[in-house]
Amino acid sequence: MPGELVLFDHDGGLDDYLALMLLLTLEHIDLLGVIVTPADCYIKPAVGATRKIMDLMGRSTIPVAESTVRGINPFPRAFRRSSFHVDHFPILNRHDAIATPLLAETGQDFQARSLREAAGPVTILETGPLTTLAAALAQSPDLAAKIGRILWMGGALNVPGNVSHWIDGGQDMSMEWNVYWDPLSAHAVWQTGIPIVLCPLDITNHVKVTPAFVRQLGQRPQYPVSELAGYCYALVMHQDYYCWDVLTTGYLARPDLFTTREWETVIIPTGPSQGRTQVQEGGKRITALDAVDKEAFFAYLMHQWGR
Ligand SMILES: [Ca+2]
C-alpha cells in the first residue's frame, strides 16, 4: 500500500535539519521532495546542508529545490548563521560530490508541479513561513484541492509570541517568527479551504531540549545520525531551545503521542500585530496540537536517530 504523500518545505534553521533527520527515518510516508525557503538561513549553505544530510541518510534519490521567495520581516542574522555551521560539519563533508539532486526549477515551481502531478492528496509539512506555498498557490489556485492538509510549525494562540527580544519597536510582540516573516502569505493561505494542523508555541514551549538528552545523543558513536543531531543541538546549548520543527514532524510520525484541539483563528496581516495568529470566533477552523507525551516523544527521537 502506498504511503502518505508528503512534501517537506523547511527554512534552513537548525531545527529544520533535525526535522529532516526525523522525517527521513519515517517508513510510512512517500516523500516527494524537499524545498528550502530562504528565511531562517542563508540559502546556499542551507540547501547544501539539506542535500548532504539526505546523502548521509541514504535518501539521495529525493529531489531538493531552492525557493526564491522573499519575506517582509527578516530573521536575525544570528539565527541564520547556523546554516553555515551545519553545512561545514565534518560528518557531512566526507565526500566532495553531493549525490542528492538540486533541481533547476525554483522551489515554488517544484511545489506547484509536485501537487499537480500527485496521484492523491498531499500533506505539506511546513517548518518555515508559508511564502513558498502561497507563491505556488498564486500560480495555480486550483492546486489547493490537491493538498490534504498543511502541518505547520507556526503561530502563538494563547501565549506570547517569540519575536520580542529580536526586533525593534513598533510591534506588539504577539507573533511567532514563521508567521511574522511573511504575514501576508499566511493570511492568504488562511483564506483557502485547506485543512491546517498547527504546532504553535503553546505546545512547543513545553518541549525543551535538555543537556542530558543532548549528551545521550553523543554517547552512541556507532550511530552517525545520533551524533549529527548532538552536534546540531550543541550549537544552541547556551540558550533555551525547544522542539519546534522536530515536534511538528513528530506529529506526522506518531500522532498517537499527541492530543489536539480545534480553534477558530485569523491571521493579522499588517500593523503592530502583523503575524499574530489570533483566536477569533468565526475565523478559520484549524486543529492545533495541544499536548504531547514528552517522555515518549524524546524516547522516540532517540530510537529513530539510532542509525
Ligand atoms: Ca524552521
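Reference entry: report on the structure contained in this document. (Residues numbered from 1 in each chain as written. Predicted model: local features only at pLDDT ≥ 70, side-chain atom pairs only at ≥ 80, totals over all residues. Heavy atoms only, no water.)

### Quick notes on helix α12 (residues 245–253)
Put simply, the rule reads: Relative accessibility decides the category of a residue: with a 1.4 Å probe and only protein chains considered, values under 20% of the type maximum give buried, values over 50% give exposed, and everything between is partly exposed. Under the scheme used here, helices are H or I runs from DSSP no shorter than 4 residues and strands are E runs no shorter than 2 residues, and both carry numbers assigned from the N terminus.
Of all the nine residues making up α12, nine are buried; the element is thus mostly covered by neighbouring parts of the structure. Regarding α12, the residues found buried are Asp 245, Val 246, Leu 247, Thr 248, Thr 249, Gly 250, Tyr 251, Leu 252 and Ala 253.

### A word on the sheet that holds strand β3 (residues 64–66)
Short version of the rule: Two strands are counted as paired when DSSP detects at least two bridges linking them. Lines fitted to C-alpha atoms define the axes, with helix axes restricted to the stretch in contact, and inter-axis angles between N-to-C directions lie between 0 and 180 degrees. In this analysis, two residues are considered to be in contact whenever any of their non-hydrogen atoms come within 4.5 Å of each other.
One open sheet holds the 10 strands; their spatial order is β4-β3-β2-β1-β5-β6-β7-β10-β8-β9, and the pairing between them is mixed. Strand pairing shows two members of the sheet lacking a second neighbour, β4 (102–106) and β9 (277–279), which therefore form its edges. On average, each strand axis in the sheet is tilted by 35° relative to the strand beside it, whichever way the strands run. Summarising the sheet, β3 and β4 pair through two bridges and their orientation is parallel. By the bridge assignment for β4, Glu 66 is matched with Thr 106. Across the sheet, helix α2 (residues 43–56) is in contact with β1 (4–10), β2 (29–36), β3 and β4; its angle to β3 comes to roughly 175°.

### Observations regarding the packing of α12 against helix α13 (residues 294–304)
Angle between the axes and distance between the axes are the two parameters that describe a pair of packed helices. Convention followed: Orientation labels follow simple angle bins: below 35 degrees gives roughly parallel, above 145 gives roughly antiparallel, 65 to 115 gives roughly perpendicular, and whatever is left gives oblique. Residue type decides the class: Asp, Glu, Lys and Arg count as charged, Ala, Val, Leu, Ile, Met, Phe, Trp, Tyr, Cys and Pro as nonpolar, and the leftover types, Gly among them, as polar.
For the pair α12 and α13, interaxial distance at closest approach is 11 Å and the crossing angle is 85°. Considering their axes alone, α12 and α13 lie roughly perpendicular with respect to each other. Where α12 approaches α13, its residues Val 246, Leu 247, Gly 250 and Ala 253 are matched on the opposing element by Phe 297, Tyr 300 and Leu 301. For the contact of α12 with α13, a count of residues per class yields six nonpolar, one polar and no charged.

### Here's the deal with the environment of Val 122
Structurally, Val 122 is set in strand β5 (residues 122–126). Residues Val 122 and Lys 146, spaced 24 residues apart in sequence, show a C-alpha to C-alpha distance of 6.2 Å. Other than its neighbours up to four places away in sequence, Val 122 contacts Leu 5, Val 6, Leu 7, Leu 32, Leu 115, Lys 146, Ile 147, Gly 148 and Arg 149.

### Here we look at the coordination of the calcium ion
For the record, the criterion: Any N, O or S atom lying within 2.8 Å of the metal counts as a donor, with the limit raised to 3.2 Å for Na, K and Ca; because water is left out of the atom set, some sites can appear incomplete.
Of the protein atoms, only Asp 11 (OD), Asp 16 (OD), Asp 16 (OD), Thr 127 (O) and Asp 245 (OD) coordinate the calcium ion, at distances of 2.3 to 2.6 Å. Each donor residue of the calcium ion belongs to the same chain, and together they define the spacing D-x4-D-x110-T-x117-D. On the basis of relative accessibility, which here comes to 1%, the residue Asp 11 falls in the buried class.

### Some points on the side chain of Asp 11
Under the convention used in this document: Residues scored as positive are Lys and Arg, those scored as negative are Asp and Glu, and His as well as the terminal groups of each chain are ignored. Salt bridges, as used here, are contacts in which a Lys or Arg side-chain nitrogen is within 4 Å of a carboxyl oxygen on Asp or Glu.
Note that Asp 11 resides in the loop between β1 and α1 (14–23). One buried charged residue, Asp 11, forms no salt bridge at all, with the nearest opposite charge on Arg 80 at 8.9 Å.

### So, the nonpolar core
Inside soluble globular proteins, nonpolar side chains tend to come together where they are buried. The criterion, for reference: Among the buried residues, those of types Ala, Val, Leu, Ile, Met, Phe, Trp, Tyr and Cys that are joined through side-chain atoms within 4.5 Å form a nonpolar core.
Tyr 233, Phe 297 and Trp 305 are the most contacted members of the largest nonpolar core, which totals 68 residues. Ranked by residue count, the leading element in this core is α1, at eight residues. Among the nonpolar cores identified, the runner-up in size contains 32 residues, and Ala 65, Ala 112, Leu 115 and Ala 288 belong to it.

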